[in-house]
Amino acid sequence: MDADLKSVAAARRCAEKAFDAYQQFLGTDPAQVDAIVEAMAAAIESECARLGRMAVEETGYGNAEHKRMKDLMNARGTADWLRDITTLGCLWRDDATKIAAFGEPMGVVAALIPVTNPSSTVIFKVLSAVKAGNAIVCAPHPRGVKTGNEVVRIMSRVAEQMGAPSGLIQCLDAVTIQGTAELMKHRRTSVVMATGGPAMVKAAYSSGKPTLAVGAGNVPCYVHRSKAKELDEVAEMIIASKSFDYGTACVSEQAVIADPEIARDMRHALKLAGAYFCTPAEADRLAQVIFTARQAMNPERVGQAPEVLAGLAGFSVPPRTKVLVSEESEIGWQRPLSAEKLNPVLAFYEARDSAHGVELAHGIAKFEGWGHSAVIHCDDPGTVAAFASVPTGRVLVNVPAIHGGAGYATDLEPSFMLGTGTWSGSITSDNVTALHLINIKRVAYANRPWRDINEEYGA
């Protein structure tokens, strides 16, 4: 059978089966739903190392140990957070206003899974969707089909053993663009969770269904002079975040901006932490390796080790190099390394002063990163307040970007889907969670005489 026809047929079968399962699951006691979520998280926890290796072997992207940690962040961290929230039944009641709110499932969730996170995103979306009482069908990237299906196999088997209906959790095993599009627009699909490249996100918004989607993350990281005595710690945070899983997280730092008083020491601290500063010629060749002539990332260079990227660009780096750095002074496609880079590569800017540092952060966020995240390392509240005007949904203070944005080192909701708001055409700037996958029904009693409207507003 033609690959597209096969994928479309699979999408239709999965959507119909998911809808039937959702109908059976509807009305399940919230305590039983929680027990299913707990069981799935426990089952996946012991498989994280194997799934991390599988993800790297299948996609060719990232670091297996870091993939394991990402999977575990969801199997533990997301599950822990979900345990303490209410999604179904009575959410809250206010006796003074005589209003009560009740959570109800949305239905069938179509979940697009990115090639950069083929296991962790599935874990996150399945736990969140089921916690909200929904059925879910995952549509992995063609390069991550085996990994996505293995995660779903583990989680669905455990869910069914705990009493969930067959078909509540599914994954397409035949994937093409046409098949994924069919899943998104299918009559049984209630909501789309889209994580992926710009083309896929655009297709999700064009599906005609309510869509939660994300955008690119060109994350600026401004280091203020007030951190002069802590630059070693700042550098360690930046390198740990940007090198994590070889830079495949869109929330990781993309450009470091340093005040002039600390710029030289910041460079030195970054080098000690594992950064290699490229020569201008090396940086130009590196840009040609990472980006295509179409002003887009070369998909074959995403999530590659720094020594691999350097070798492809014709230069070598010292042992234990974790991140490649390019000194920049401009922002825009005339300098490609000022854009988002899903690999362990950073731009470095020396600001003229603090105002210029904030200005550079604005420019970087607006170029390829509207609405996502920004980071500042600073102990001056006034500067933090000025920096908070950067057009991003998250402003992270004195934390590594990936650890702060995903809700580990901050009290933001733990999430592997970070909304980018209307800055980039998204419906939400929140860290997306199970609470975004429920309808909230409000029951409102009369609390004033209705006839009073005639006296208050009548002629």
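To start, this report covers the structure provided alongside it. Here the structure is a predicted model, which means the values were calculated and not measured.

## Concerning the overall build of the protein
In terms of regular secondary structure, the protein is built from 16 helices and 15 strands. Here the C-alpha radius of gyration of the protein, 23 Å, is about what a compact globule of 459 residues would show, namely 23 Å. For the protein, the C-alpha atoms occupy an extent of roughly 70 × 70 × 40 Å along the three principal directions. Sequence-distant contacts, at least 24 apart, represent 72% of the contacts inside the protein between residues at least 6 apart. Summed over all atoms, the accessible surface of the protein reaches about 19,500 Å², with 52% contributed by carbon and sulfur.

## So, the packing of helix α9 (residues 231-243) against helix α10 (residues 263-273)
Contact geometry of α9 with α10 gives a least axis separation of 8 Å together with a crossing angle of 55 degrees. Considered as vectors, α9 and α10 are oriented oblique to each other. In the crossing of α9 with α10, the sense of the turn from one axis to the other is right-handed. Packed against α9, whose contacting residues are L231, D232, V234, A235, E236, I238 and I239, the element α10 presents D265, M266, A269, L270 and A273 at the interface. For the contact of α9 with α10, the residue count by class is nine nonpolar, no polar and three charged.

## Description of the pattern of salt bridges
Counting across every chain of the model gives 23 salt bridges. Taking the shortest distance from any N to any O, the salt bridge between R68 and E65 comes out at 2.8 Å. On the criterion of helical spacing, the pair formed by R68 and E65 is a turn pair, its members being three residues apart in helix α4 (residues 64-83). Note on R68: relative accessible area 23%, which makes it partly exposed. Linking E328 and R335 is a salt bridge whose minimum nitrogen-to-oxygen distance equals 2.8 Å. Accessibility expressed as a relative area gives 8% for E328, which makes it buried. Look at the salt bridges and you will find they share partners, linking E47, R50, E150 and R153 into a network.

## Considering the sheet that holds strand β4 (residues 135-140)
Spatial ordering of the open sheet is given by β5-β4-β3-β6-β7, a layout of five strands whose pairing is parallel. Where the open sheet ends on each side, the last strands, each with one partner, are β5 (169-171) and β7 (211-213). On average, each strand axis in the sheet is inclined to that of its neighbour by 15 degrees, with strand direction left out of account. Looking at chain direction, strand β3 (residues 108-113) and strand β6 (residues 189-194) are connected through five bridges and run parallel. Pairing of V108 across the sheet is with T189, part of β6. On top of the sheet, helix α1 (residues 3-25) reaches β3, β4 and β5; it is set at about 155 degrees to β4, its chief contact.

## A look at the sheet that holds strand β1 (residues 89-94)
Taken in spatial order, the three strands make up an open sheet running β1-β2-β15, and their pairing is antiparallel. Two strands close off the open sheet at either side, each with one partner strand: β1 and β15 (438-444). If you compare each strand with its neighbour and ignore which way they point, the axes differ by 25 degrees on average. Pairing of β1 with strand β2 (residues 99-105) involves five bridges; the strand directions are antiparallel.

Criteria and thresholds
- In this convention, every chain numbers its residues from 1, walking through the sequence in written order.
- The predicted nature of this model means local features are confined to residues of pLDDT at least 70 and side-chain atom pairs, given and counted, to a pLDDT of 80 or more, with totals for whole chains, interfaces and linings taken over all residues.
- Side-chain descriptors were evaluated using all non-hydrogen atoms of the structure, hydrogens and water having been removed beforehand.
- Put simply, DSSP H or I for four residues or longer makes a helix, DSSP E for two residues or longer makes a strand, and each gets a number counted from the N terminus.
- To get the radius of gyration, use the C-alpha atoms; to get the globule rule, take the number of residues to the power 0.38 and multiply by 2.2 Å.
- We call two residues in contact whenever any of their non-hydrogen atoms come within 4.5 Å of each other.
- Surface accessibility in these figures is a Shrake-Rupley result with a 1.4 Å probe; residues are shielded only by whichever protein chains are displayed.
- All axes here are fitted lines through C-alpha atoms, helices being fitted over the stretch that makes contact, and every angle between N-to-C directions spans 0 to 180 degrees.
- Angle categories are assigned with fixed cut-offs, so that under 35 degrees is roughly parallel, over 145 is roughly antiparallel, 65 to 115 is roughly perpendicular, and the rest are oblique.
- The crossing is said to be left-handed when, going from far helix to near helix, the turn is anticlockwise and less than a right angle, and right-handed when the turn is clockwise.
- Residue polarity follows a fixed list, in which Ala, Val, Leu, Ile, Met, Phe, Trp, Tyr, Cys and Pro are nonpolar, Asp, Glu, Lys and Arg are charged, and the others, Gly among them, are polar.
- A side-chain nitrogen of Lys or Arg and a carboxyl oxygen of Asp or Glu constitute a salt bridge if their distance falls within 4 Å.
- A simple rule labels every residue: compare its accessible area, found with a 1.4 Å probe on the protein chains alone, to the largest value its type can have, and call it buried under 20%, exposed over 50%, or partly exposed in between.
- Strand pairing follows a simple DSSP-based rule, namely that at least 2 bridges must link the two strands.

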